[in-house]
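# Structural overview for review
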Amino acid sequence: MPKTAKRPVTRMVQLRYLAHARSGDKGNTANVGLIALEPEYYPILEREVTTARVGRHFRGMVSGVERFELPNLNALNFLLHDALDGGGTISLKTDAQGKVYSTALLRMEIPAPAALARRLARA
Amino acid sequence: MTPVGGRTVRIAAGQGFWGDWLEAPVRQVRGGPIDYLMMDYLAEVTMSIMQKQKSRDPAAGYARDFVPLMERVLPDLVERGVRVTTNAGGVNPRGCAEAVLAVARKLGLPRRVRVGLVSGDDILGRLDELMARGHDLSDMETGRPLSDIRERVLSANAYLGMGPIVEALRGGADVVVTGRVTDTGLTLGPIVHEFGWSADDWDKVAAGTVAGHIIECGAQASGGNLLKGWRSVKGLADPGFPIIEASDDGTFVVTKHAGTGGVVSVASVTEQLVYEMGDPRGYITPDGVADFTTIRLRPAGRNRVRVSGIHGGPRTPMLKVSIAYFWGYKAVGTLVYAWPEAYDKARAADAVLRRRLSDLGLEFDQILTEFVGVNATHGRLSGPPDPDIPEVQLRVGVRAHERAPVERFTREIAPLVLTGPPSVTGFAGGRPAVEEVVAYWPALIDRREIEPHVRVEILEA
């Protein structure tokens, strides 16, 4: 029996432990600015919080996702298209202006280095 | 680096939107030294609300809150030499300016107050002429031409930049009242005026624009709505609104008055920087294009953040136009269902309601059901609710171009109390109101069509 099966080097961590966020609206598009809680988390966000993963997270809630990087602010900016039931005054949603899409993104889980995941779990 | 002894200009945010905390401007003026008080009132659909008010009363059409605020602070402003920039003028900047002059006269101040009046952003009366000359003013989001909804347009205003504000300040205005000037122009204008920056010094224009963006939402940059470490933000009962200390080299510090609540930190400033952001490399205003990927933030003492490194590019040939048009009607009805099986009861009530609306043959553009306490804010991401959830609010919204189906919907909520699932309450507010929906239509126009019409007048009390 091979005894060299590697232990997983990553563990899934909810984004709320790695980032904070603020969201707003432009018409029927919501934007979510996702900001690393510590500068050393930013590369993890950049690697793991991909357009595809965010698109899967919000499947059925938005029509498309765009991502922009702001390494100077340790932040990513996401545009979530058609997220607001028409947006502005037309929208019937409680969150017509996308104010809490921010924390909806923080529900997402991403792989983080296992050592970091353990440290966050203890905190 | 700011040279030792280098002069700074202090611009204090007093209001971040129409309806913001009324004590803030007073505290900004009295709480410590500032040079300018910046009061931003206009959101995307505010202009249409003001247009509606003006159609009923020709003297209305501006942020009325602004006038009693001026009555409170004008004596301090005059004594301390603090000047004001505001877009409170809405669709009637002249009415607003005259109301400020009337207040100044009534107060009997030790010297005359000069009000700068900026007009020329309102193009409602020019729409047909502009369209006849080939400006289709199509919706930036959908591409539809304005002709599709022309007869339903209620207001149309081009976004002006800092130019007319600089001109008014140069003309000696103590209070500059504008219509649709950009939020950022209200902060950039005073900085450009004080340092005599050239309007095509793009990096500095970008820096002043970023400063404006940081404080345009008031306390949202100084601890309000701050998610990171929200429990440790103290003193939100008396939050210090943000203040920019700008230097001639294009760098600036974000801070707040000593002794106030809230916090100014790299986190608080960063959250505001990403608010309502699109492509961070191209933050477009009438004054230039700022590159948010060049912004550097560093802590510079207690409640102080230094901002530097900002680059920008030339302004575009187009100005954005904010058009509001009549869309139709909407209404939202709510009922609260109690334990046990609260969520199931609320869902059953929704099914009954929808069946009745359908049996009545009512047609809607949209019927949206949310269950507050279960999924109203995060949709399916919230997962299944606790089966023992103590209560759930059923919230159903409808919209239609016609009034009649929406009106009838509002009469279908209360009957559910006696004819639907049990354990229901929370209908004391009576029948939901039918609201008129005024929608937003963003467009672009060649700035050469607008700029020759912009006027700056200096009025004296």
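A few points on the structure. (Residues numbered from 1 in each chain as written. Chains lettered and ligands numbered in written order. Predicted model: local features only at pLDDT ≥ 70, side-chain atom pairs only at ≥ 80, totals over all residues.)

## What to know about the overall build of chain A
How we decide: A helix here means a DSSP run of H or I that spans at least four residues, while a strand means a run of E at least two residues long, and both kinds are numbered starting from the N terminus. Residue burial is a threshold on neighbouring C-beta atoms within 10 Å of the residue's own C-beta, all placed from the backbone, with 20 or more meaning buried, 12 or fewer meaning exposed, and counts in between meaning partly exposed. By the criterion used throughout, residues are in contact when their C-beta atoms, derived from the backbone, lie within 7 Å.
Looking only at helices and strands, chain A has 4 helices and 6 strands in total. Overall, the C-alpha framework of chain A stretches about 65 × 35 × 25 Å when taken along its three principal axes. The buried share of chain A, reckoned over its 123 residues, is 47%. Residue pairs at least 24 apart in sequence account for 61% of intrachain contacts in chain A once pairs closer than 6 positions are excluded.

## Looking at the overall build of chain B
The condition that has to hold: Only C-alpha atoms enter the radius of gyration, while the globule expectation follows 2.2 Å times N to the 0.38, with N the number of residues.
Helix and strand content of chain B: 12 helices and 19 strands. Its C-alpha atoms give chain B a radius of gyration of 25 Å, within 12% of the compact-globule value 23 Å for 461 residues. Each principal axis of the C-alpha atoms in chain B carries an extent, and together these give about 75 × 55 × 45 Å. Here chain B holds 461 residues, and the buried ones make up 50% of them. Counting contacts in chain B only where the partners sit at least 6 residues apart, residues at least 24 apart contribute 77% of the total.

## Some thoughts on the interface of chain B and chain A
The interface of chain B with chain A comprises 43 residues on the first partner and 33 residues on the second. For the side of chain B that touches chain A, the secondary-structure elements that each account for two or more residues are helix H9 (266-273), strand S11 (296-299), strand S14 (318-338), strand S15 (366-372), strand S16 (391-400) and strand S18 (435-446) of chain B. Ranked by residue count, the leading element in the side of chain B that touches chain A is S18 of chain B, at 5 residues.

## Brief notes about the sheet that holds strand S10 (residues 288-291) of chain B
Residues and elements named next belong to chain B. Filter applied, for reference: When DSSP finds two or more bridges between a pair of strands, those strands are recorded as paired. In this description, a line fitted to the C-alpha atoms serves as the axis of each element, helices being fitted only across the stretch in contact, and the angle between N-to-C directions of two axes falls anywhere from 0 to 180 degrees.
In spatial order, the strands read S9-S10-S13; together these 3 strands make up an open sheet with antiparallel pairing. Since the sheet does not close on itself, it has two edges, and those belong to strand S9 (283-285) and strand S13 (311-313), each with one partner. The sheet shows a mean angle of 30° between the axes of neighbouring strands, direction not considered. Sheet analysis places S10 next to S13, joined by 3 bridges and oriented antiparallel. Bridged to Asp291 within S13 is His311.

## Here's the deal with H9 of chain B
The buried count for H9 of chain B comes to 7 of 8 residues, which makes it a mostly enclosed element. Of the residues making up H9 of chain B, those classed as buried are Ala267, Ser268, Val269, Thr270, Glu271, Gln272 and Leu273 of chain B.

## Some words on the sheet that holds strand S19 (residues 455-460) of chain B
Residues and elements named next belong to chain B. Reading across from one edge, S11-S12-S8-S7-S1-S2-S3-S6-S4-S19 is the order of the 10 strands in this open sheet, with mixed pairing throughout. The open sheet has two free edges, formed respectively by S11 and S19, since each of these has just one partner strand. Between one strand axis and the next, the sheet turns through 20° on average, direction left out of account. Relative to strand S6 (residues 175-177), strand S3 (residues 83-86) is paired through 3 bridges, and the arrangement is parallel. Opposite Val84, over in S6, you have Val175 as the bridge partner.

## Re the environment of Ala258 of chain B
Residue and element names in this part refer to chain B. Position of Ala258 relative to the elements: it lies in the loop between strand S8 (252-255) and H9. Here Ala258 falls in the exposed class, since 10 other C-beta atoms lie within 10 Å of it. Sequence separation between Ala258 and Asn303 is 45 residues; the distance between their C-alpha atoms is 8.7 Å.

## As for the pairing of strand S4 (residues 64-70) of chain A
Residues and elements named next belong to chain A. In terms of strand pairing, S4 meets strand S5 (residues 75-81) through 7 bridges, oriented antiparallel. From the neighbouring strand, Arg67 faces S5, where its bridge partner is Phe78. Taking the residues between adjacent antiparallel strands as the criterion, S4 and S5 are bridged by 4 residues, where Asn74 takes a positive phi near 55°.

## Quick look at the environment of Phe427 of chain B
Residue and element names in this part refer to chain B. Within the secondary structure, Phe427 is located in the loop between strand S17 (424-425) and S18. In this structure Phe427 comes out as partly exposed when scored by C-beta crowding, with 16 C-beta atoms within 10 Å. In this structure, the C-alpha to C-alpha distance between Phe427 and Ile413, residues 14 residues apart in sequence, is 8.5 Å.

## Brief notes about unusual backbone geometry
Residues and elements named next belong to chain B. The amide bond that connects Trp339 to the next residue, Pro340, takes the cis arrangement and shows omega of 0°. When you line up the elements, Pro340 lands in the loop between S14 and helix H10 (342-359). Even without being glycine, Asn225 reaches a positive phi, approximately 55°. Not every positive phi belongs to a glycine, and Glu276 is a case in point at roughly 55°. Residue position: Glu276 is located in the loop between H9 and S9. Its 18 C-beta neighbours within 10 Å are what place Glu276 among the partly exposed residues.

## A word on the nonpolar core
Inclusion rule: Only buried residues count toward a nonpolar core: Ala, Val, Leu, Ile, Met, Phe, Trp, Tyr and Cys, linked into one set through C-beta atoms within 7 Å.
Leu34, Leu45 and Leu80 of chain A together with Val100 and Val177 of chain B are the most contacted members of the largest nonpolar core, which has 170 residues in total. When near neighbours in sequence (up to four residues on either side) are disregarded, Leu34 of chain A contacts Ala19, Ala21, Leu45, Val49, Ala75, Leu76, Phe78 and Leu105 of chain A.

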